[in-house]
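Take a look at the letters that make up each chain.
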Amino acid sequence: MGISAKDVKRLRDETGVGMMDCKKALTEANGDFDAAIELLRKKGQKVAAKRADREAKEGVIATSASADGSTSVLVEVNCETDFVARNADFQKFAQDIADLALENRPSDRDALLALSYAGGTVASEVEAMTGRIGEKIDVRRVVTISSTDGEAVSYIHPGARLGVIVDVAGSGDRQSVGRDVAMQVAALNPVALSRDEVPEEVKEKEMEIAREVARSEGKPEQIIDKIAIGKLDRYYKDNVLTEQPFVKDASMRIRDLLTSANVDVKRYVRFALGD
């Protein structure tokens, strides 16, 4: 039987699959529209399997926040090329997943993939999109931050390759300060919120490096540890969030910003694409 261009276009509009593949599916299904969709779904699953070993390092970070500002989520959705990452359908899918995560609060990636979506699950839609787009698509990770007595302020850096959530409390302008701190975290990627939260192995590594440098410079052994402590203090000022110079005003540190604004940062999370 003949397959009309109108039917081919209709199938393409509903599935996002290329015109030739749609025509082949309709021909194989003898014009049965639903059967053609099923054939394309099966083809999509095969394409997904073939691309399972491909690397999906591009994509977007998306966020969604509750109306009261107490909860925010970040999700990382990946593809293979920047071209697809800029595709409106791909970006809508990423935002849909962020909204779905906010609604359901999945504990991890597996729980997110199991959520209902588009008549199936998130996992099945990932496979279907892989087939339609022709690139490996992946939902890589998700995080939910709920503030107990403040706000979970989220920020997506232009380009959607970086996202941050900051849990802020206090009587000041939590949204404004939270956004400033989130931008700071995005820009300077601190290793910890405070000195106390820097892992011991990191401290020991920095001290040992400082000792070795001091010895190589011929410093007396009796002052080596004092020099190393000074270097560690410098490390804190560069890499601990509350001690970093504020990116908008280097004359103050983040702790000064927080004190003057009557705002406290309890925790933060940072997603960088591909990390």
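So, a few notes on the structure that sits alongside this text. Everything numeric here is computed off the predicted structure, so don't read it as measured data.

Moving on, we come to the packing of helix α8 (residues 174-188) against helix α11 (residues 254-261). Axis separation between α8 and α11 bottoms out at 11 Å; the angle between their running directions is 175°. Classified by the angle their axes make, α8 and α11 are roughly antiparallel. Together, Val177, Asp180, Val181 and Gln184 of α8 and Ile254, Leu257, Leu258 and Ala261 of α11 make up the contact between the two elements. Here the contact of α8 with α11 is composed, by residue class, of 6 nonpolar, 1 polar and 1 charged.

With respect to the helices and strands, the residue Glu76 is situated in strand β2 (residues 71-79). If we skip the residues at most four places from it in the chain, Glu76 touches Val60, Ile61, Asp138, Val139, Arg140, Arg141, Phe271, Ala272, Leu273 and Gly274.

Once that is clear, we can look at the sheet that holds strand β6 (residues 151-156). Strand order in the open sheet formed by 3 strands is β6-β7-β10, with antiparallel pairing between adjacent strands. Of all the strands in the sheet, just β6 and β10 (263-272) have a single pairing partner and so form its edges. Across the sheet, the axes of successive neighbouring strands diverge by a mean angle of 20°, strand direction being ignored. Here 9 bridges tie strand β7 (residues 162-170) to β10, and the two strands are oriented antiparallel to one another. Paired with Val168 across the bridge in β10 is Val265.

Rules used throughout
Per-chain numbering applies: the sequence of each chain, read as written, is numbered from 1 onward. Since the coordinates come from a predicted model, pLDDT governs what is reported: local features require at least 70, and pairs of side-chain atoms require 80 or more to be given and counted, while whole-chain, interface and lining totals use all residues. Excluded from the side-chain calculation are hydrogens and water; included are all heavy atoms of the structure. Axis geometry follows a simple rule: fit a line to the C-alpha atoms, using only the stretch in contact for helices, then measure angles between N-to-C directions, giving values from 0 to 180 degrees. To qualify as a helix, a DSSP run of H or I must reach at least 4 residues; to qualify as a strand, a run of E must reach at least 2; elements of each kind are numbered from the N terminus. Should an angle fall under 35 degrees it is called roughly parallel, over 145 degrees roughly antiparallel, and 65 to 115 degrees roughly perpendicular, with every other angle called oblique. The contact criterion used is simple: two residues touch if any of their non-hydrogen atoms lie within 4.5 Å. Here the nonpolar group is Ala, Val, Leu, Ile, Met, Phe, Trp, Tyr, Cys and Pro; Asp, Glu, Lys and Arg are the charged ones; every other residue, Gly included, is treated as polar. The criterion for strand pairing is that DSSP finds at least two bridges linking the strands in question.

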